[in-house]
Amino acid sequence: MKRTILITGAGTGIGRDSAFALAMRGHSVLATTQTEEQARALREEAAQKNAVLQVFKLDITQDQDRQSIADLSLDVLINNAGVGESGSLAEVDIERIRQVFEVNVFSTLALTQIALRGMIARQRGTVLFVSSIAGRLPMPFLMPYGMSKFALSAGGAALREEIDQLGKNVHIALIEPGAIFTGFNQAMMARKYTWMGPSSYFAGHVEKIKRQEGQVFKWLEASSTDSIVRQIVKATEAKRPKLRYVAPWLQGFGVRLARILGV
Ligand SMILES: NC(=O)c1ccc[n+]([C@@H]2O[C@H](COP(=O)([O-])OP(=O)(O)OC[C@H]3O[C@@H](n4cnc5c(N)ncnc54)[C@H](OP(=O)(O)O)[C@@H]3O)[C@@H](O)[C@H]2O)c1
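Residues numbered from 1 in each chain as written. Predicted model: local features only at pLDDT ≥ 70, side-chain atom pairs only at ≥ 80, totals over all residues. Heavy atoms only, no water.

Visitor: Got a minute to help me understand the sheet that holds strand E2 (residues 28-33) in this structure?
Guide: Two modes of strand pairing occur in sheets, parallel and antiparallel, and in both the strands are linked by backbone hydrogen bonds. If you trace the seven strands from one edge of the open sheet to the other, you get E3-E2-E1-E4-E5-E6-E7, paired in parallel fashion. This sheet does not close on itself; its edge strands, each paired only once, are strand E3 (53-57) and strand E7 (244-247). Along the sheet, successive strands turn relative to each other by an average axial angle of 20°, direction set aside. The pairing of strand E1 (residues 4-7) with strand E4 (residues 76-79) spans three bridges and is parallel. Looking across to E4, one finds that Ile7 is bridged to Ile78. Helix H5 (residues 143-166) contacts strand E5 (125-130) and strand E6 (170-177) of the sheet and is inclined by roughly 160° relative to E6. (Pairing = 2+ DSSP bridges. Helix = DSSP H or I, 4+ residues; strand = E, 2+ residues; numbered from the N terminus. Axes fitted to C-alpha atoms, helices over the stretch in contact; angles between N-to-C directions. Contact = heavy atoms within 4.5 Å.)

Visitor: For this particular structure, what's the right way to read the pattern of salt bridges?
Guide: Counted by the stated rule, this structure contains 11 salt bridges. A salt bridge links Glu45 to Lys49, with the nearest nitrogen and oxygen atoms 2.7 Å apart. In the salt-bridge network here, residues are joined through shared partners; they are Arg136, Glu176 and Arg244. (Salt bridge = Lys/Arg side-chain N within 4 Å of Asp/Glu carboxyl O.)

Visitor: Can you walk me through the pairing of E5 in this structure?
Guide: Within a regular strand, the side chains alternate between the two sheet faces. Within E5, six of the six residues are buried, which leaves the element mostly enclosed by the surrounding structure. Judged by which residues are buried, E5 turns out to be covered on both faces: Gly125, Val127 and Phe129 on one side and Thr126, Leu128 and Val130 on the other are all buried. Bridge count for E4 against E5 is four bridges, and the pairing is parallel. Considered in E5, the bridge of Asn79 is made with Phe129. (Buried < 20%, exposed > 50% of the residue type's maximum accessible area, 1.4 Å probe, protein only.)

Visitor: Explanation requested: the site of the ligand in the structure shown.
Guide: Among the 27 residues in the neighbourhood of the ligand, the closest are listed as Thr12, Gln34, Tyr145, Ile180 and Thr182. Between an oxygen atom of the ligand and a side-chain N or O atom of Gln34, the distance comes to 2.7 Å. With respect to the ligand, the side chain of Lys149 contributes an N or O atom lying 3.1 Å from an oxygen atom. Protein chains bury 89% of the 870 Å² of accessible surface belonging to the ligand in isolation. Listing elements by their share of the shell around the ligand, those giving two or more residues are helix H1 (13-24), H5 and helix H6 (184-191). (Near = heavy atom within 4 Å. Polar contact = N/O pair within 3.5 Å; in protein donor to acceptor, adjacent residues only side chain to side chain. Areas by Shrake-Rupley, 256 points an atom, 1.4 Å probe, with all protein chains shown as cover.)

Visitor: What am I meant to see in a positive patch on the surface here?
Guide: A grouping of Arg230, Lys234, Lys242 and Arg256 is seen on the molecular surface, where their side chains present a positively charged patch. With respect to the element layout, Arg256 can be found in helix H9 (residues 249-260). Residue classification places Arg256 among the exposed residues on the basis of a relative accessible area of 52%. (Patch = residues over 30% accessible without salt bridge, like charges linked within 9 Å, V, L, I, M, F, W, Y side chains within 5 Å. Lys, Arg positive; Asp, Glu negative; His and termini not counted. Charge placed at Lys NZ, Arg CZ, Asp CG, Glu CD.)

Visitor: Which parts of the structure should I look at to understand the confidence of the model for the protein chain?
Guide: When pLDDT drops low, the exact placement of atoms in the prediction is not to be read closely. Overall, the predicted model of the protein chain reaches an average pLDDT of 97, with 100% of residues at or above 70. Between the elements of the protein chain, mean pLDDT differs from a low of 91, seen in H9, to a high of 99, seen in E4. (pLDDT = per-residue confidence, 0-100.)

Visitor: I would appreciate a short explanation of the environment of Asp226 in the present structure.
Guide: As for its position among the elements, Asp226 is in helix H8 (residues 226-237). Separated by 109 residues in sequence, Asp226 and Arg117 place their C-alpha atoms 32 Å apart.

Visitor: How should the packing of aromatic side chains be read in this particular structure?
Guide: Describing an aromatic ring pair means giving the distance of the ring centres and the angle of the ring planes. The full count for this structure, using the stated rule, is five aromatic pairs. A ring pair is formed by Phe141 and Phe202, whose centres lie 5.1 Å apart and whose planes are at 90°; its orientation type is edge-to-face. Of the two residues, Phe141 sits in the loop between E5 and H5 while Phe202 sits in the loop between H6 and helix H7 (206-220), which places them 61 residues apart along the sequence. Both rings, one in Tyr201 and one in Phe202, keep their centres 6.5 Å apart while their planes meet at 85°; by these two values the pair is edge-to-face. Here Tyr201 falls in the exposed class, since its relative accessible area comes to 60%. Aromatic ring contacts, followed pair by pair, group Phe141, Tyr201 and Phe202 into a single cluster. (Phe/Tyr/Trp six-rings, centres within 6.5 Å; stacked < 30°, edge-to-face > 60°.)

And the structure:
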């Protein structure tokens, strides 16, 4: 069945690749971007690829932008937009953590509530939250971001049960990517060095931290978005999506193992 799908943060990375994959499968895709500039670039890319995408700007932190989806008959909302922030919880400015939660949790939820109104009334729909494996496993120096994904995964799982109780054929699922090379992780890791000055508790550890995180992501990161895009397509097209869609498989297995071992 062809679906009408809105995806946020579709100007780059996983969101952009998912938008094209879903459009190629014949779905009607509303690919939204944070800025007008990204929207223009995405329209041009779609034209070059002969892909049918309806592109418009939707900054999820802007209430006016969010309200623009109220009258759309969406079958699927893919909450993909996200931002990263890093640094030790011992010293990161709380305002930076608040900013991450503003995008990854509060604005995502506010948009979801608007989409849910229509879905519940029409008795049909699916909401996907693109969370992260970082929302299941605490990772040092990445928790300003990780905590937001823990909140998103926990909230999404509970929302799924709440909505199930209504029996309105509306479904909630989590997409949990592992580390995938889109540039997102590198930008997130680098961010802390813009504010960690000589007075940082970790000033004498910077080279070691850089080496460790560089090695972890070099070893972990999948070079393409293909595996997670396949999971997003699967969840989008499922009649009754399961709770979690994780990729790459090996990273998902690693998280499960770590939890069994009590890490
Ligand atoms: N790559 C990974 O390893 C990985 C792993 C786990 C989970 N994820 C999650 O996957 C999602 C996509 O990440 P990605 O790797 O594809 O990185 P990405 O290319 O940076 O994608 C994130 C997108 O969200 C957009 N965005 C940020 N704030 C927004 C806002 N207020 N309104 C609308 N859009 C906004 C970004 O726009 P700008 O470019 O303008 O900032 C960007 O286009 C994110 O939720 C991320 O947390 C990624």
